[in-house]
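Architecture at a glance
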Amino acid sequence: MNQYIFDEINSVKELMMPTRARIRTHNVQDEYVVAVNSSPVSCVFACAVMLLAKSIDSVIAHITVTDDKASDFINDFLEEVCPSKKEDPEGYERFFQRITIYKGIDDFVVRNKKFTLKKVRFCTFLNSLAENLENSEAHQEYLESLDKLMLYAGRYDNVKVVHTAQIPPLKALPGGMTSLSEREYEVYCAQFGADSPEQLVLDAEEVLRKYAKQGVKIVASRLDNVFGPGVNNAMFDKLLDDLKSLNTINADTAHHNQYFGVNYIRYAASTVFFMFLHGKGGNIYNVQEFVTTPYDFAMKAYDYFADYKTRLCCVNSPQMEPSYRLLCSKKLDGAMVHKFTEMDLGDCIYRSMLSILDFEYFDKNYIFRYDGKLDEIKRLEIEMMEEVKRICEKHNIKYFLVGGSLLGAVRHKGFIPWDDDLDFGMLREDFEKFKEVAPKELNPRYSYQSYQTEPNSHYIFDKIRLKDTFFTTKFSDMFEIENGLFIDILIYDKTAKSPRLQKMHTDALRRWTRIMNIRWVNKPRKNVAYKFSVIALPFMRLFPLSLYHKFFNLMLKWYNKSSSEYAIDGVGQNIERGAFPIKWLEETVDAPFEDTTFPIPKGYDEYLRHWYGNNYMKLLPISTRNSGHILKRIDLGPYVTRFGFEQGDFRRASKEGELLDY
């Protein structure tokens with residue numbers, strides 16, 4: 001499956017996850033019935049639901065495939081996420097244990113006797129311009145299948161139905177009208193014949209209306225001009241033909257005021273989910289994400305493709321009379337947060353064209369996110385690691401790359417391209433030796449940061465910082481601490497032998513970490529922990545943070561004198577993955593990393609499978625290729641001379657500010 005198509009599927013799934021969708025995790029008790037047809041929205045949404053069911057135990061999916069095109073799409077998706085499917089056609093059933101795939105509506109109706117979860121969500125789709133819906137006989141067959149599914153849904157009280165129709169492109173609206181509301185669209189469709197795609201949209205809604213009057217909770221939506229990876233759309237044809245044959249993008253000012261609406265596939269598919277959350281039963285909603293013109297569309301394409309040696313041919317023709325081909329989506333704004341996908345039109349066009357042209361993706365925000373300094377940041381971090389290497393070899397201390405840095409060493413022979421930091425780990429006994437010698441042995445360029453060496457710093461793991469720089473995150477920027485470029489030191493302690501005690505150990509550490517962060521930030525947490533922190537903070541302030549650290553370290557080291565052969569990542573992000581055999585970390589081997597080598601655990605394969613899954617060598621979906629840091633300030637201070645500046649005076653990095661640094 002094309003990586004761009006899979007990325008849209010994964011992105012829709014992420015938008016549906018409880019924390020993103022702002023619904024409580026323990027209330028997720030959903031059973032989906034998705035009728036998949038040639039509509040690209042149905043294919044993307046169905047696959048996103050399957051990923052959701054894989055991620056959340058309390059989601060069950062029934063996927064009913066109604067035509068060959070949809071079947072091919074689903075098979076490509078299954079082979080992407082479950083490569084063994086080619087050798088074992090039914091192997092995906094073990095991978096997706098809460099998913100059943102049916103061959104059409106009849107198969108679903110016959111095989112499915114009852115639903116087991118609290119809420120049942122029926123998802124039906126119509127692609128009014130599909131090739132298999134070009135005649136009245138096909139129209140009637142579709143309407144009968146929709147009627148059959150609605151009849152089945154009407155048997156249950158806990159069912160909600162969302163029907164999503166991709167409508168034909170609108171013709172220019174008459175007079176001074178700029179857009180059509182939900183009921184006005186019905187009047188607009190009267191100009192087309194009984195067998196037209198426009199009439200099919202209304203006929204399908206008439207089927208829904210019949211069952212809505214009988215008490216079935218039904219929401220309908222209309223999508224105009226859906227585009228994106230894997231979506232055939234007429235508006236791309238001319239643009240792509242010129243780009244392929246002439247390497248040119250043509251823009252004509254005559255079309256500067258010819259307005260039409262578009263929906264990116266990610267937004268269109270996500271709308272289905274949000275209709276379940278917020279759509280009012282018995283209502284139809286127009287869905288329109290962007291308003292653009294052919295001229296602006298072409299110019300945005302050029303903005304993103306200029307780096308591919310693409311030429312722009314801009315024709316300055318007299319402007320045509322304004323025309324509008326828009327749906328009015330004001331009603332939709334009350335049902336969902338508009339543009340929740342956080343993408344702009346240019347990025348949507350860019351991804352769509354890369355997908356069709358089969359070009360490699362490059363994040364255009366990459367340079368601006370790091371002010372063009374990321375490569376130098378990585379070089380400085382490697383120099384810091386070389387200093388760690390020097391100290392450890394001098395004192396016979398064992399260390400190794402861990403987390404994303406280990407994954408980068410194995411998969412990329414260096415940094416993960418979109419990562420911006422380095423992590424190294426130690427077993428407890430090596431760490432105790434390192435923290436004794438490192439503060440005294442470090443080159444004066446660096447500082448050792450812990451709650452013992454810097455009173456205002458209360459991270460649960462120690463860091464090595466590069467002085468006279470700033471690399472602050474949204475979190476660290478709240479505190480007056482040393483905030484330079486850093487590398488993290490992660491410690492691995494023993495845990496209990498039994499799975500039950502292991503879970504108790506990790507749960508206690510995770511909860512105490514949250515308590516320490518609340519105390520450090522010293523103000524109530526948002527969301528779930530708000531009430532607890534409001535009540536608890538006045539009592540928590542009675543004790544110094546050093547006492548919290550001592551108790552945390554006591555919990556971390558609780559099992560270190562036991563004969564247990566299991567360890568945990570007690571101070572890192574991966575604690576929730578649970579315990580693993582400590583033998584994976586007891587021996588190391590050297591591995592290439594950029595232009596040098598660093599030690600990695602000899603059991604790196606088992607370690608990476610434990611943390612990242614069996615497919616850790618496979619790249620993440622495009623949208624998830626970014627650093628976990630929300631950056632606030634990047635300042636390399638004197639090190640910008642490496643970009644070609646002459647060495648000049650500079651002020652030392654100060655926690656108080658540049659004006660107060662004397």
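This write-up is about the structure you can find in this document.

Quick notes on the rules
Residues numbered from 1 in each chain as written. Predicted model: local features only at pLDDT ≥ 70, side-chain atom pairs only at ≥ 80, totals over all residues. Heavy atoms only, no water. Helix = DSSP H or I, 4+ residues; strand = E, 2+ residues; numbered from the N terminus. Rg over C-alpha atoms; globule rule 2.2 N^0.38 Å. Buried < 20%, exposed > 50% of the residue type's maximum accessible area, 1.4 Å probe, protein only. Contact = heavy atoms within 4.5 Å. Areas by Shrake-Rupley, 256 points an atom, 1.4 Å probe, with all protein chains shown as cover. Lys, Arg positive; Asp, Glu negative; His and termini not counted. Charge placed at Lys NZ, Arg CZ, Asp CG, Glu CD. Salt bridge = Lys/Arg side-chain N within 4 Å of Asp/Glu carboxyl O. Patch = residues over 30% accessible without salt bridge, like charges linked within 9 Å, V, L, I, M, F, W, Y side chains within 5 Å. Phe/Tyr/Trp six-rings, centres within 6.5 Å; stacked < 30°, edge-to-face > 60°. Lys NZ or Arg CZ within 6 Å of the ring centre and 35° of its normal. Axes fitted to C-alpha atoms, helices over the stretch in contact; angles between N-to-C directions. Parallel < 35°, antiparallel > 145°, perpendicular 65-115°, else oblique. Nonpolar A, V, L, I, M, F, W, Y, C, P; charged D, E, K, R; others polar. Pairing = 2+ DSSP bridges. Arc of directions from axis to C-beta. Core = buried A, V, L, I, M, F, W, Y, C linked by side-chain atoms within 4.5 Å.

With that out of the way, let us pick up the overall build of the chain. Scanning the chain from terminus to terminus reveals 22 helices and 25 strands. Here the C-alpha radius of gyration of the chain, 29 Å, is about what a compact globule of 662 residues would show, namely 26 Å. With the C-alpha coordinates of the chain rotated into their principal frame, the extents come out at 85 × 65 × 55 Å. Taken across its 662 residues, the chain has 54% of its residues classed as buried. A separation of at least 24 residues holds for 77% of the contacts in the chain among residues at least 6 apart in sequence. Surface accessibility of the chain: about 32000 Å² in total, with carbon and sulfur atoms responsible for 50%. Positive and negative side-chain charges of the chain, numbering 87 and 92 respectively, have mean locations separated by a distance of 7 Å.

It is worth spelling out the side chain of Glu31 at this point. When you line up the elements, Glu31 lands in strand β1 (residues 30–36). On the accessibility criterion, Glu31 (2% relative accessible area) is buried. Sequence-distant contacts of Glu31, that is, excluding residues within four places in its chain, are made with Ile60, His62, Phe115, Thr116, Leu117, Lys119, Val120 and Arg121.

Right, let's talk about the pattern of salt bridges for a bit. Counted according to the given criterion, the structure contains 34 salt bridges. With its nearest N and O atoms 2.5 Å apart, the salt bridge here joins Lys148 to Asp106. Of the two residues, Lys148 is situated in helix α7 (residues 136–153) and Asp106 in helix α6 (residues 105–111); the sequence distance between them amounts to 42 residues. Looking at Asp106, the relative accessible area reads 46%, which means it is partly exposed. Between Asp507 and Lys503 there is a salt bridge, with its nearest N and O atoms 2.8 Å apart. Of this pair, Asp507 and Lys503 both sit in helix α19 (residues 499–521), four residues apart, which is roughly one turn of that helix. Through salt bridges with shared partners, a single ionic network connects Asp7, Glu8, Arg266, Asp347 and Arg351.

Okay, a positive patch on the surface next. On the surface, Lys474, Lys523, Lys526 and Lys632 cluster together into a positively charged patch. Tracing the backbone shows Lys474 in the loop between β19 (470–473) and β20 (486–494).

So, on to the packing of aromatic side chains. For any pair of aromatic rings, the description consists of the separation of the ring centres together with the inter-plane angle of the planes. Tallying each qualifying case throughout the model produces 42 aromatic pairs. Pairing Tyr32 with Phe276 gives two aromatic rings, centres 6.2 Å apart and planes at 90°, and the pair type is edge-to-face. Here Tyr32 is found in strand β1, whereas its partner Phe276 is found in helix α11 (residues 265–278), with 244 residues between them in sequence. Grouping residues by exposure puts Tyr32 and Phe276 together as buried. Ring centres 5.2 Å apart and planes at 65° place the aromatic pair Phe108 and Tyr152 in the edge-to-face group. Pair noted here: Phe108 is in helix α6 and Tyr152 is in helix α7, with a separation of 44 residues, a long-range link. For Tyr152, a relative accessible area of 1% corresponds to the buried category. The ring centre of Tyr459 lies 4.6 Å from the NZ or CZ of Lys463, which sits over that ring.

The next thing to look at is the packing of helix α1 (residues 3–16) against helix α14 (residues 345–357). Interaxial distance between α1 and α14 falls to 8 Å at its minimum, and their mutual angle equals 140°. On the basis of their axis angle, the class for α1 and α14 is oblique. Contacts from Tyr4, Asp7 and Glu8 of α1 reach α14 at Arg351, Leu354 and Ser355. A per-class count over the contact of α1 with α14 returns two nonpolar, one polar and three charged.

Spatial ordering of the open sheet is given by β3-β2-β1-β4-β5-β7-β11, a layout of seven strands whose pairing is parallel. Only two strands of the sheet have a single neighbouring strand rather than two, namely β3 (99–102) and β11 (283–287). Pairwise comparison of adjacent strand axes, ignoring direction, gives a mean angle of 15° for this sheet. Of the strands in this sheet, β1, β2 (59–65) and β3 touch helix α4 (residues 68–81), which is tilted by about 140° from β2.

Let's shift gears to a nonpolar patch on the surface. A cluster of nonpolar side chains, namely Tyr530, Val534, Ile535, Phe539, Leu542, Phe543 and Leu547, defines an oily patch on the protein surface of about 750 Å² accessible area. The element that contributes the greatest number of residues to the nonpolar patch is helix α20 (residues 530–540), accounting for four residues. Here Leu547 lies in helix α21 (residues 545–556).

Burial in α20 covers these residues: Ser533, Ala536, Leu537 and Met540. Looking down the long axis of α20, one finds its buried residues gathered within 120° of arc, a one-sided arrangement. Exposed residues pointing more than 90 degrees away from the buried face of α20 are listed as Lys531, Ile535 and Phe539. In this structure, the buried residues of α20 make contact with α19 and α21.

Glancing now at the nonpolar core. If you look at the biggest cluster of nonpolar residues, it comprises 84 residues, and the most contacted ones within it are Tyr32, Val34, Phe45, Ile63 and Phe77. A total of 12 residues in this core trace back to one element, the largest contributor, which is helix α3 (residues 40–55). Those residues within four positions of Tyr32 in sequence are excluded, and the remaining contacts are Met16, Phe45, Val49, Leu52, Val59, Ile60, Ala61, His62, Arg121, Cys123, Phe273 and Phe276. One finds Val388, Leu422, Phe434 and Ile568 within the second-largest nonpolar core, a separate group that totals 81 residues.

Here we take up unusual backbone geometry. Backbone geometry at Asp358 places phi at a positive 60°, although glycine is not the residue there. Along the chain, the position of Asp358 falls in the loop between α14 and α15 (366–369). The residue Asn522 is not glycine, and still its phi comes out positive at about 65°. Positionally, Asn522 belongs in the loop between α19 and α20.

Every buried residue of helix α8 (residues 182–189) is listed here: Glu182, Tyr185, Tyr188 and Cys189. Looking down the long axis of α8, one finds its buried residues gathered within 95° of arc, a one-sided arrangement. Structural note: α8 exposes Arg183 and Val187 on the side pointing more than 90 degrees away from its buried face.

With respect to the secondary-structure elements, Ile582 resides in the loop between β22 (580–581) and β23 (588–593). Spatially, the C-alpha atoms of Ile582 and Met555 are 18 Å apart, while their sequence positions differ by 27 residues. Not counting residues up to four positions away in its chain, the partners in contact with Ile582 are Leu427, Lys494, Glu565, Tyr566 and Ala567.

Moving on: the packing of α1 against α4. Closest axis-to-axis distance for the α1/α4 pair is 12 Å, and the angle between their directions is 85°. In terms of axis orientation, α1 runs roughly perpendicular to α4. Where α1 abuts α4, its residues Ile5, Phe6 and Ile9 lie against Phe73, Phe77, Glu80 and Val81. Residues that form the contact of α1 with α4 fall into these classes: six nonpolar, no polar and one charged.

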